Amino acid sequence: MSLVLNDVTVSRGVGPVISNVTLEVKPGQITTLVGPNGAGKTSLIESIAGVIIPSSGSVVMNDVDITKFSKRKRSRAGLAIVEQGRMIFPSLTVRENLQLTARTKSDFDEAMALFPELEKRMNNNTVLLSGGEQQMVVLARAFASKPKYLLLDEMSLGLAPVVFMRLLPVIEGIAKSGVGVLLVEQFAHLALGIAEDAMVVTSGRVSYHGSPKKLTSDAELMRKSYMGE
Ligand SMILES: Nc1ncnc2c1ncn2[C@@H]1O[C@H](COP(=O)(O)OP(=O)(O)OP(=O)(O)O)[C@@H](O)[C@H]1O
Ligand SMILES: [Mg+2]
């Protein structure tokens, strides 16, 4: 049982932005994917989420080939995505945002319990929240759908590291509850610090795959991986 990307190539406009990438996300584990701007991280996430369909290769979730599934069908099968850029619905309250995805009262309550500090903001329009609180809502909303796999694309965008650090133990807790997490991050060291598995993507190709610790403790390896050497 896992979420697998098999030899996937994604083309956009001029040509391939992802070339023959294979990766696996296991239930209960965090796989952190890092790489320079424009490396193809979002394209990779979008090919798993069904935003774009790979030109070759396959996406398999718990032994079901979902390569051709629509976004909606993937989400019903247990895939949740937090897309790059803040995706709250600003005219809705915190409660209403979570109600969009929570199917039952207990799913709603479990998601709210991730961030006790949101409790007093429950009936506030999310537009009034801080950037950090908005990302809490986004994460809680994704968790409320009870996903088997969760794809997180640059949740830290626009946040100070210290604010993003509040999200990290929660992401870890979500994984511990059995969810497979694919974490794409610009704060590489923070995101690799909570991962079981690490990947670096450069120019649409995997330039490192292995231990997160090995990567964070070796500046030269990190540099070379980012350079695609
Ligand atoms: N909608 C699009 N149409 C055409 N090309 C695109 C589109 N979106 C991204 N690209 C191109 O695909 C390549 C990979 O972009 P992508 O956004 O996947 O990278 P990224 O690693 O997520 O970058 P960032 O760190 O800036 O988020 C880039 O060359 C980019 O210009
Ligand atoms: Mg991106």
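Residues numbered from 1 in each chain as written. Chains lettered and ligands numbered in written order. Predicted model: local features only at pLDDT ≥ 70, side-chain atom pairs only at ≥ 80, totals over all residues.

Teacher, can you tell me more about the overall build of the chain here?
Scanning the chain for helices and strands turns up nine helices and ten strands. At 17 Å, the chain has a C-alpha radius of gyration in line with the 17 Å of a compact globule built from 229 residues. Overall, the chain is about 50 × 40 × 35 Å in size when its C-alpha atoms are taken along their principal axes. In the chain, which comprises 229 residues, the share counted as buried stands at 40%. Sequence separation of at least 24 residues holds for 68% of the intrachain contacts in the chain that already meet a minimum separation of 6. (Helix = DSSP H or I, 4+ residues; strand = E, 2+ residues; numbered from the N terminus. Rg over C-alpha atoms; globule rule 2.2 N^0.38 Å. Buried ≥ 20, exposed ≤ 12 C-beta atoms within 10 Å, placed from the backbone. Contact = placed C-beta atoms within 7 Å.)

Mind showing me how you'd approach unusual backbone geometry here?
Most peptide bonds are trans, and most residues other than glycine sit at a negative phi. Its identity as a non-glycine residue notwithstanding, Lys146 has a phi of 55°, on the positive side. Relative to the helices and strands, Lys146 is located in the loop between α5 (131–144) and β7 (149–153). The backbone phi angle of Glu154 is positive, close to 50°, even though this residue is not glycine.

Quick question: what am I supposed to make of the site of ligand 1 here?
Around ligand 1 sit 13 residues in total, of which Gly13, Val17, Lys41, Thr42 and Ser43 are the nearest. Among the residues making up the shell around ligand 1, the classes are represented as two nonpolar, eight polar and three charged. (Near = placed C-beta within 6 Å. Nonpolar A, V, L, I, M, F, W, Y, C, P; charged D, E, K, R; others polar.)

Sorry if this is basic, but what is going on with the pairing of strand β9 (residues 197–202) here?
Burial runs high along β9: five of the six residues are buried. Across four bridges, strand β3 (residues 30–34) lies against β9 in parallel orientation. Residue Thr32 lies in a different strand from β9, and its bridge partner there is Ala198. The sheet contact formed by β9 and strand β10 (residues 205–210) spans five bridges and is antiparallel. Residue pairing in the sheet places Val200 in a bridge with Tyr208 of β10. Linkage of β9 to β10, two consecutive antiparallel strands, is achieved through a turn of two residues, within which Ser203 is found at a positive phi near 45°. (Pairing = 2+ DSSP bridges.)

What's the story with the nonpolar core in this structure? I'm lost.
What tends to happen in soluble globular proteins is that the nonpolar side chains get buried as a cluster. Judged by nonpolar contacts, the single largest core of 65 residues is most densely connected at Ala140, Leu151, Val181 and Leu183. It is α5 that provides the largest number of residues to this core, a total of eight residues. In this structure Val181 touches Ile30, Leu150, Leu152, Ile171, Ile174 and Ala175, once residues within four positions along its chain are discounted. (Core = buried A, V, L, I, M, F, W, Y, C linked by C-beta atoms within 7 Å.)

Can you help me understand the environment of Gly38 in this one?
Residue placement: Gly38 occurs in the loop between β3 and α1 (41–49). The spacing of Gly38 and Gly15 is 23 residues in sequence and 13 Å in space, taken between C-alpha atoms.

Help me understand the sheet that holds strand β6 (residues 79–82), please; the structure alone is not making it clear to me.
Picture the strands of a sheet paired through backbone hydrogen bonds; they go either parallel or antiparallel. Reading across the sheet, the six strands line up as β6-β7-β8-β3-β9-β10 and stay open at both edges, with mixed pairing between neighbours. Lying at the two open borders of the sheet, with one neighbouring strand each, are β6 and β10. Shown here is a sheet whose adjacent strand axes are inclined to one another by a mean of 15°, direction ignored. Along the sheet face, α1 touches β3, β6, β7, β8 (180–184) and β9 and points at about 150° away from the line of β7. (Axes fitted to C-alpha atoms, helices over the stretch in contact; angles between N-to-C directions.)

Before we go on, may I ask you to explain the environment of Gly131 in this structure?
Following the sequence through the fold, Gly131 ends up in helix α5. Sequence-wise, Gly131 and Gly158 are 27 residues apart; in three dimensions their C-alpha atoms are separated by 7.6 Å. Apart from residues lying up to four places away in sequence, Gly131 is in contact with Gly158, Leu159 and Val163.

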